[in-house]
Amino acid sequence: MKRRAQEIILQANNMLGYENAAELTKQAVAAVNTIAMDIYYTLGLTGYKMITGVNDELEFDEEIINDIIPHGVASLIAEMMDDGDKQQLYAAYYNRKRAKLTKITEIKDTLPIGEY
């Protein structure tokens, strides 16, 4: 699914309850890049292409683009606005949601073998 950076930024601002954070547009694009790159590498992908403006599109699965990325962006925008309480809250949401993306493919036996 594709989504413009502007849509993600607006969703993040709405979640935070900020009515006018337009002055942060350049920093918000950087926040989108930071979070999208984090997700990209968490998924084991390489070669992330940075967005340069609010009209650039990102393409991820629907849950990632509509739920996980906006929470991460909200966390970074709250940090830019010196809103520590909301930053902590949305960082916790983002980290919990991002953790679902990591998959354990093999569990190794960790019990020691041999004499003690």
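Residues numbered from 1 in each chain as written. Predicted model: local features only at pLDDT ≥ 70, side-chain atom pairs only at ≥ 80, totals over all residues. Heavy atoms only, no water.

**Q** Can you help me understand the overall build of the protein in this one?
**A** Check the secondary structure of the protein and you find four helices and two strands. Element order for the protein, N to C, with α for helix and β for strand: β-α-α-β-α-α. Relative to a compact globule of 116 residues, whose C-alpha radius of gyration would be 13 Å, the protein shows 17 Å and is clearly more extended. Considered along the principal axes of its C-alpha atoms, the protein spans approximately 65 × 30 × 20 Å. When the 116 residues of the protein are sorted by exposure, 35% land in the buried category. Pairs at least 24 apart in sequence give 70% of the contacts found in the protein among residues at least 6 apart. For the protein, the computed accessible surface area is about 7600 Å², with 50% contributed by carbon and sulfur atoms. Of the charged side chains in the protein, 12 are positive and 18 negative, and the gap between their average positions amounts to 3 Å. (Helix = DSSP H or I, 4+ residues; strand = E, 2+ residues; numbered from the N terminus. Rg over C-alpha atoms; globule rule 2.2 N^0.38 Å. Buried < 20%, exposed > 50% of the residue type's maximum accessible area, 1.4 Å probe, protein only. Contact = heavy atoms within 4.5 Å. Areas by Shrake-Rupley, 256 points an atom, 1.4 Å probe, with all protein chains shown as cover. Lys, Arg positive; Asp, Glu negative; His and termini not counted. Charge placed at Lys NZ, Arg CZ, Asp CG, Glu CD.)

**Q** How should I be thinking about the packing of helix α3 (residues 62–80) against helix α4 (residues 84–99) in this particular structure?
**A** In a packed pair of helices, the relevant descriptors are the angle between the two axes and the axis-to-axis distance. In the contact formed by α3 and α4, the axes pass within 8 Å of each other and the chain directions differ by 155°. Taken as axis vectors, α3 and α4 run roughly antiparallel relative to one another. Considering how the two elements wind past one another, α3 and α4 form a crossing that is left-handed. Contact residues: D67, I68, H71, G72, A74, S75, A78 and E79 in α3; K86, Q87, Y90, A91, Y93, Y94, K97 and R98 in α4. The residue inventory of the contact of α3 with α4, partitioned by class, reads seven nonpolar, four polar and five charged. (Axes fitted to C-alpha atoms, helices over the stretch in contact; angles between N-to-C directions. Parallel < 35°, antiparallel > 145°, perpendicular 65-115°, else oblique. Left-handed = near helix turned anticlockwise from the far one by under 90°. Nonpolar A, V, L, I, M, F, W, Y, C, P; charged D, E, K, R; others polar.)

**Q** Honestly, the packing of aromatic side chains in this entry has me stumped. Any pointers?
**A** Here the distance between the centres and the angle between the planes together describe a pair of aromatic rings. Applying the stated rule across the entire model yields four aromatic pairs. Ring geometry for Y90 versus Y93: centroids 5.4 Å apart, planes at 85°, classification edge-to-face. Of this pair, Y90 and Y93 both sit in helix α4, three residues apart, which is roughly one turn of that helix. Ring pairs connect the aromatic residues Y40, Y41, Y48 and F60, which therefore count as one cluster. (Phe/Tyr/Trp six-rings, centres within 6.5 Å; stacked < 30°, edge-to-face > 60°.)

**Q** Is there a simple way to explain helix α2 (residues 25–42) in this structure?
**A** Within an α-helix, residues lying three or four positions from one another point in the same direction, as the helix has 3.6 residues per turn. Between the first and last C-alpha of α2 there are 26 Å, a value that for 18 residues agrees with the 26 Å anticipated at 1.5 Å per step. Here α2 has its buried residues at A28, V29, A31, V32, N33, I35, A36, I39 and Y40. The secondary structure elements touched by the buried residues of α2 are α1 (5–16), β2 (57–59), α3 and α4. G44 sits one or two positions beyond α2 and adopts a positive phi of about 85°. (Expected span 1.5 Å × (residues − 1).)

**Q** Any chance you could explain the environment of I51 here in plain terms?
**A** In this structure, I51 sits in the loop between α2 and β2. With 47 residues separating them along the chain, I51 and R4 place their C-alpha atoms 9.8 Å apart. Apart from the residues lying within four places of it in its own chain, the contact partners of I51 are A5, V29, V32, N33, D56, E57 and L58.

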